[in-house]
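Each chain, letter by letter, is given below.
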Amino acid sequence: SQYSAVDTNPLSVYVMQPIWNKIIKIVPLWIAPNLLTFSGFVMILVNYFLISFYDWDYTASGTSPGLVPTWVWLFSAFTTFCAYALDSIDGKHARRTQSSTPLGELFDHGLDSWATSIFVLSFFSVCSRDNGKTGVSVYTMYIYLSIVLFNFMCSHWEKYNTGVLFLPWGYDISQVVLIAAYLLTGAVGVEVWQKPLLFGYYITDALVILLIGFSLFLSFPQTLYNIHRAHLKKTLKNDSLYEVLLPLVSPLLLFILLTVWVVLSPGNILAKQPRLFLWMVGVAFSNVICKVIICQMSSTRPELFHWFLFPLALVVYAAISGLLGWMEEAVLAVFTALVTAAHVHYGVCVGRQLSEHLNIYIFSLKKRVQE
């Protein structure tokens, strides 16, 4: 399938693209595009684990606002910019070296589906957890993350049905806002997030309102409109409503199960282990959406129920029924580790299969020798 994406965001078209076109010129031609994609992802991970080290439970910025050193916020701005740049030039570099492949497309979108949650989880350290005076409650964090992931899912659901990826406006805006937020925090300290900005509202409130506004009133209606337009033009990939909605079943069930756990957890699991829980949400979502991306690329039908849903349903049932008791946190930790390992294993296997099938190396432009 030929990859097609449409980007209409003025920030991207007029500001960022000219910057990327300058940066791309310094990338040596022997570097494989996937290496750029992967390097960006590794930077996001390194940054996430660095922030986690200083602020495991999201309280550092609120209770003792000097715990995270200034250089960490500046490093966050740097890694976020690099990851954003690498994610924006990998496709250009692939076309420049004539090495565009379905493997590259999957690699890019697959890592993006995981990176999306990691960006959000790193940012939560800036605004800190609610401590009665300032900060964001862990439930707000969960809803915030869910909305961002919902947005990501929408654009790929749209591509599944129309064959075209309309790049959401929110992407470039969110990256620029993130970099600015880290720079601001590095420059003046986390206190800036804890003083009311206007009329008793905090900057974080403004960001949440912006995000929800963007998603529910811009992105989602645009997605529905694009699918509707494809339906009118008879260019929809799928005929029946069932086929159109099929990829949404697993992500929605995933969200329902997770929300049931959050709301009905006897040990209040989200408040006790926000970092573990939200990480698990991001990984599980990424795996579910990767399946949709592969189905969309290979024009196959996604299965109705993703296999993660079964062990998750068991764990959630055991937790909310009180079966787990005091072991709820330990079970979450084990489950999170297993889900993460399964996701990495899945990624490695798909990458290998595709590289053998297409007769290319993942991280090198050299051709494989036919056995």
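Please read these numbers as outputs of a predicted model, since none were measured by experiment. (Residues numbered from 1 in each chain as written. Predicted model: local features only at pLDDT ≥ 70, side-chain atom pairs only at ≥ 80, totals over all residues. Heavy atoms only, no water.)

Participant: Can you lay out the overall build of the protein for me, pointing to particular residues and giving the numbers?
Facilitator: Each helix and strand counted, the protein has 13 helices and 2 strands in total. Expected size for 371 residues packed as a compact globule is a radius of gyration near 21 Å; at 21 Å, the protein falls within 12% of this value. Taken along its principal axes, the extent of the C-alpha atoms in the protein is 60 × 50 × 45 Å. Contacts in the protein between residues at least 24 apart in sequence constitute 80% of all its contacts with a sequence separation of at least 6. Charge-centre separation for the protein: the mean point of 21 positive side chains lies 8 Å from the mean point of 20 negative side chains. (Helix = DSSP H or I, 4+ residues; strand = E, 2+ residues; numbered from the N terminus. Rg over C-alpha atoms; globule rule 2.2 N^0.38 Å. Contact = heavy atoms within 4.5 Å. Lys, Arg positive; Asp, Glu negative; His and termini not counted. Charge placed at Lys NZ, Arg CZ, Asp CG, Glu CD.)

Participant: Provide a residue-level description of the environment of L50, including the pertinent values.
Facilitator: Summarising the element assignment, L50 is placed in helix α2 (residues 33–54). Looking at L50, the relative accessible area reads 19%, which means it is buried. For the pair L50 and D87, spaced 37 residues apart in sequence, the C-alpha separation works out to 21 Å. With sequence-adjacent residues up to four places away left out, L50 is seen in contact with W71, V72 and F75. (Buried < 20%, exposed > 50% of the residue type's maximum accessible area, 1.4 Å probe, protein only.)

Participant: Quick one: what's the story with the UniProt feature "transmembrane region" (unreviewed entry) in the protein, residue by residue and with numbers?
Facilitator: Annotation from UniProt places "transmembrane region" (unreviewed entry) at residues 26–50, 70–86, 136–154, 199–220, 241–264, 276–294, 306–324 and 330–348. With 72% helix and 0% strand, the stretch residues 26–50 has end C-alpha atoms that lie 29 Å from each other. For residues 276–294, the end-to-end C-alpha separation is 27 Å, with 100% helix and 0% strand making up the annotated structure. (UniProt positions renumbered as here; feature names shortened; annotations may be inferred.)

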